[in-house]
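Each chain, letter by letter, is given below.
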Amino acid sequence: SDAEYIAGAALMRTRDFTVQTGLHRSKRAGDFDCVTLDFLKLIIPHIVCAVRMHLLLANSARQQLLAQEALDRLRVGVVIVDAQGGLVFSNRAAERLMNASAGALGISMRHLRVNDPREAARMHRLVAEAAATTEGKGVYAGGEMRVRCGDGGFLQLCITPLSRQRLDYEFA
C-alpha cells in the first residue's frame, strides 16, 4: 500500500473490544487538510452512534434467535398469536402436535384454527380476552381448554396473556 497519511479514531472501547476507524491517503493525494479534519471531527459522533445502533440491533437479533431456539427445544407446543388469532410464532413441538391432531387444530392462512365450532368459539374468546389483558384493556387470566382430535385423543390448550413489552421485543 502507498498510504502515507493516516487519520483515525477509537470510536468505542468496551471491556471486550475496541472499535477503531482509520482513513488513509497516498503521498500523491497529500496530507489531510484542516477542512477534511474538521469534517471528520463533525461526523465521528454520528459514526459512533451508528456503531452503537449496529451492536444493539445485533444483540437484539441474537436474543430473538436464542428465545426461538429455547422455545423450539421445549417438548410442549407453544403457539403465539395476535388478538385475531394470527400466527406470530409456533415452535416445532406445536407444529408436530398440530400435524398429529388429525386436523382438529392447525394453522390456516396464518391463523390458528380449531375445526369444532364450539371449541373454536371458546378458543377465540380466550384469545381475545388474553389479548385485551396484553393491551392493558382487561385483567383476564386466560384459560385452558381441550380440543378433541380425530383419533379420540385430546390436545390441551393453555391460553395466557403475554407482556406487551416482551412480545414486542422477542417477536418483533
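Above: the structure in question.
A few points on the structure. Quick caveat: nothing in here was measured; it's all calculated off a predicted structure. (Residues numbered from 1 in each chain as written. Predicted model: local features only at pLDDT ≥ 70, side-chain atom pairs only at ≥ 80, totals over all residues. Heavy atoms only, no water.)

**Considering the overall build of the chain**
Along the chain, the regular secondary structure elements total 4 helices and 8 strands. Shown N-terminal to C-terminal, the secondary structure of the chain runs as helices and strands in the order β-β-α-β-β-α-β-β-α-β-β-α. Reported as C-alpha extents along the three principal axes, the dimensions of the chain are approximately 80 × 35 × 30 Å. Here the chain holds 172 residues, and 28% of them are scored as buried. Sequence-distant contacts, at least 24 apart, represent 38% of the contacts inside the chain between residues at least 6 apart. In the chain, 22 side chains carry a positive charge and 18 a negative one; their mean positions are 4 Å apart. (Helix = DSSP H or I, 4+ residues; strand = E, 2+ residues; numbered from the N terminus. Buried < 20%, exposed > 50% of the residue type's maximum accessible area, 1.4 Å probe, protein only. Contact = heavy atoms within 4.5 Å. Lys, Arg positive; Asp, Glu negative; His and termini not counted. Charge placed at Lys NZ, Arg CZ, Asp CG, Glu CD.)

**A short note on the state of the cysteines**
Tallying each qualifying case throughout the model produces 0 disulfides. The thiol of Cys158 is unpaired, and the distance to the nearest cysteine sulfur, on Cys149, comes to 17 Å. The exposed category is assigned to Cys158, whose relative accessible area is 56%. (Disulfide = S-S within 2.5 Å.)

**Some words on the nonpolar core**
With 17 residues, the main nonpolar core has Leu105, Val114, Met123, Met145, Val147, Leu157 and Ile159 as its most contacted residues. In terms of residue count, helix α3 (residues 117-134) provides more of this core than any other element does, 5 residues in total. Setting aside residues no more than four positions away along its own chain, Met145 makes contact with Glu119, Arg122, Met123, Leu126, Leu155, Gln156, Leu157 and Ile159. (Core = buried A, V, L, I, M, F, W, Y, C linked by side-chain atoms within 4.5 Å.)

**Concerning a negative patch on the surface**
Taken together, the side chains of Asp2, Glu4, Asp31, Asp33 and Asp38 present a region of like negative charge at the surface. Along the chain, the position of Asp38 falls in helix α1 (residues 34-73). (Patch = residues over 30% accessible without salt bridge, like charges linked within 9 Å, V, L, I, M, F, W, Y side chains within 5 Å. Areas by Shrake-Rupley, 256 points an atom, 1.4 Å probe, with all protein chains shown as cover. Salt bridge = Lys/Arg side-chain N within 4 Å of Asp/Glu carboxyl O.)

**Concerning the pairing of strand β1 (residues 3-13)**
Alignment of β1 against strand β2 (residues 18-26), held across 9 bridges, turns out to be antiparallel. Each bridged residue has a counterpart across the sheet, and for Ala3 the counterpart in β2 is Ser26. Counting the residues between successive antiparallel strands, the hairpin from β1 to β2 contains 4 residues. (Pairing = 2+ DSSP bridges.)

**A closer look at the packing of aromatic side chains**
Applying the stated criterion across every chain, the model contains 0 aromatic pairs. The ring of Phe32 has Arg25 sitting right over it, with the charged end atom 5.3 Å from the ring centre. Its guanidinium or amino end placed over the ring of Phe154, Arg146 lies 4.2 Å from that ring's centre, counting from NZ or CZ. (Phe/Tyr/Trp six-rings, centres within 6.5 Å; stacked < 30°, edge-to-face > 60°. Lys NZ or Arg CZ within 6 Å of the ring centre and 35° of its normal.)

**Thoughts on the pairing of strand β4 (residues 87-90)**
Side-chain positions along a regular strand alternate between the two faces of the sheet. Two strands pair when backbone bridges link them, and strand β3 (residues 79-81) and β4 are joined in this way by 3 bridges, in the antiparallel orientation. Bridging across to β4, Val79 finds its partner in Ser90. Following β3, the chain reverses through 5 residues before pairing antiparallel with β4; Gly85 in that reversal takes a positive phi of roughly 85 degrees.

**Brief notes about α3**
Its 18 residues place the ends of α3 25 Å apart at the C-alpha level, agreeing with the 26 Å of an ideal helix rising 1.5 Å per residue. For α3, every residue scored as buried is listed here: Glu119, Ala120, Met123, Leu126, Val127, Glu129, Ala130, Ala131, Ala132 and Thr134. Structurally, the start of α3 carries an N-cap: the backbone nitrogen of Arg118 is 3.0 Å from a side-chain oxygen of Asp116. Following α3 by one or two positions, Gly136 has its phi on the positive side, about 80 degrees. (Expected span 1.5 Å × (residues − 1). Polar contact = N/O pair within 3.5 Å; in protein donor to acceptor, adjacent residues only side chain to side chain.)

**Some words on the environment of Ala29**
Relative to the helices and strands, Ala29 is located in the loop between β2 and α1. Along the primary structure Ala29 and Ile44 are separated by 15 residues, whereas in three dimensions their C-alpha atoms are 22 Å apart.

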